[in-house]
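This is what each chain is made of:
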Amino acid sequence: MNTVRLREILRQTDMATHRDSQQSPLKVLVADLTSETFSVIDSCGDWFGRYGAVLGYAIRLWGEFCTENENPVVIAAGKKRTAIVFRNPVTELVTFNTVSSSFGAELNGCGYCALVITGHLKRSGAVVVDGVEKHCVLSEKLRNARVSQVNLFFRNCGECLATGPSADNGIHFAAACLSGKITGRGGLGFRLGEKNLKAVVIHAASINDVRESIEQRGSANLSLLTEQAYRNGWAAVSNFRRRTDPRMFHLTEREANRRLAEYQGLFPDTASVIMLGSNCDCYDIVSVADRFNLCFDLGLDPVSTGNVIGWLLDASRRNVINITGFTGEDSEAVMQLIEDMAMRSGIGGILGSGTGFLASSCSDTASSFCIHGVECGPVDFRGSFASALNSAAENYFPVFFEMASGLCSKHPVFWTVLNEDLVLGYESLGLDPETEIRTLTTVSALKLKHAGSSEKYAKKIFGWNSDAAETGRNVWQLLNGINGVAGKIEYKIPDYFITDSDSDFPEPAVVPFSRLFDEYMTMRGYLYKGVTVNEK
């Protein structure tokens, strides 16, 4: 990375996004894994004002600590939201994971607003911060340990961000796990594994109220959008060959809560249910939950794992590869395959390289559903134009307006941009964007319906000029400025969604991506005059 150019971009972005300073009394903790030492620096109040205290601040810190030889991992803390910023191992672009957790409150309780991790450990180990005490723990017992084993190893030490064996074995879609959740997509587990870092453990006293609120949120009933997915035609079915299937009724929220009422494991989210279920021709929610829990324990991103298995099943049906008797409904075979992927054992050693590599090796690139080499998510873009733009921009968060309300059927570009700004803004302010946008949608959708779906009116009632949206625009400018230096931004989606209309669906459609992309860039150019973007 050209660090001179990066510093210039950061300086220009800071000047272009001036806002009032909001100094934090908390400090930034820097962990140098190579020397196993720690240092403490002051937080920058100007950055808090411009980019918020959580996600945007973490991105700005990442830019400050990145060098030609260093890819830091930055964790920024809010009371109920934690943001982790890192570099995608496939695209080399800067990306992030966010999760509801008391991890951030623990870090705040230790006196820090963020943790910057640099260097790499000599062997498998962990960073442990316990009040004022900070140290690295090295142990060969952690090598290839599962997430449950890592959590057991540090069971009395505090909140634990952990990885599984997939991170140790260099799986690009390895994930990290925190508070019973997978933090997100993009390869965070791989980056932590690269540093030989199996866990980050934080403990502070006097935050029981926060811990209880997070635990209560995690124990709620399973909330799924699979019914909207198959009714509106944006579900991934049979490796994206179809976008709906009546059997998806068995994966809906009502059926899932009925059948999983006594289930002892973690409940899967909507994206995991679709990708490990319908995309793999499996409509048994219990089997899907079992697959999700295994992915969690192995530290595999379940969405990417489902995309790889979906490709394998599809390639086998079309005789591109020869796997006799393997079906998506064969739970035992699928579970073994997931385990093999994480351990890079047998055929799993090849599958762990992802569908881009697999399809290229088989001269079958037309059936590879990945963007920038990263596995596609749970959305068939032919039923979700806003999601097509969102994914092309390498956003791993959903278009909440489209998923929950269907508002994006008109003016998808407007809703994509608004969704980006609000998600980045809410995350930077330490708020859960799904909760905030759903509340906003519920209150405002009827008003919009009665007033007509004009962009002008939508801007008034959906917070276009809110503090969250303004902060989000600053963060968007910062992130895209950094990525203009970090890697090549290519806005594209698989050609399949642009050419194949899925004639089995009542309303066949292809994505008019070129037109939508032009509108998106025009809108972004209007909002950020003078910002350079990559051309088509």
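Residues numbered from 1 in each chain as written. Predicted model: local features only at pLDDT ≥ 70, side-chain atom pairs only at ≥ 80, totals over all residues. Heavy atoms only, no water.

A. Representation of the environment of Leu422 in the model. Among the secondary structure elements, Leu422 is positioned in helix H19 (residues 412-428). The buried category is assigned to Leu422, whose relative accessible area is 0%. Spatially, the C-alpha atoms of Leu422 and Arg473 are 8.4 Å apart, while their sequence positions differ by 51 residues. (Helix = DSSP H or I, 4+ residues; strand = E, 2+ residues; numbered from the N terminus. Buried < 20%, exposed > 50% of the residue type's maximum accessible area, 1.4 Å probe, protein only.)

B. Spatial organisation of the sheet that holds strand E9 (residues 159-163). Taken in spatial order, the 6 strands make up an open sheet running E8-E7-E12-E9-E10-E11, and their pairing is mixed. Two strands lie at the open edges of the sheet, namely strand E8 (133-138) and strand E11 (181-182), each paired on one side alone. (Pairing = 2+ DSSP bridges.)

C. Spatial organisation of the environment of Val40. Residue position: Val40 is located in strand E2 (residues 37-42). The class of Val40 is partly exposed, set by a relative accessible area of 45%. Sequence separation between Val40 and Val28 is 12 residues, and the spatial gap between their C-alpha atoms is 5.7 Å. Apart from the residues lying within four places of it in its own chain, the contact partners of Val40 are Lys27, Val28, Leu29 and Tyr112. (Contact = heavy atoms within 4.5 Å.)

D. Focus on the sheet that holds strand E4 (residues 81-87). Overall, mixed pairing links the 6 strands, which are arranged E2-E1-E6-E3-E4-E5 in an open sheet. The open sheet has two free edges, formed respectively by E2 and strand E5 (94-100), since each of these has just one partner strand. Sheet twist, expressed as the average angle between the axes of neighbouring strands with direction ignored, equals 20°. Relative to strand E6 (residues 112-118), strand E3 (residues 73-77) runs antiparallel, the two being bridged by 4 bridges. Across the sheet, residue Ile75 finds its bridge partner in E6, namely Leu115. Along the sheet face, helix H3 (residues 55-65) touches strand E1 (27-32), E2, E3, E4, E5 and E6 and points at about 30° away from the line of E4. Set on the sheet, helix H22 (residues 467-486) makes contact with E4 and E5; between it and E5 the angle comes to about 135°. (Axes fitted to C-alpha atoms, helices over the stretch in contact; angles between N-to-C directions.)

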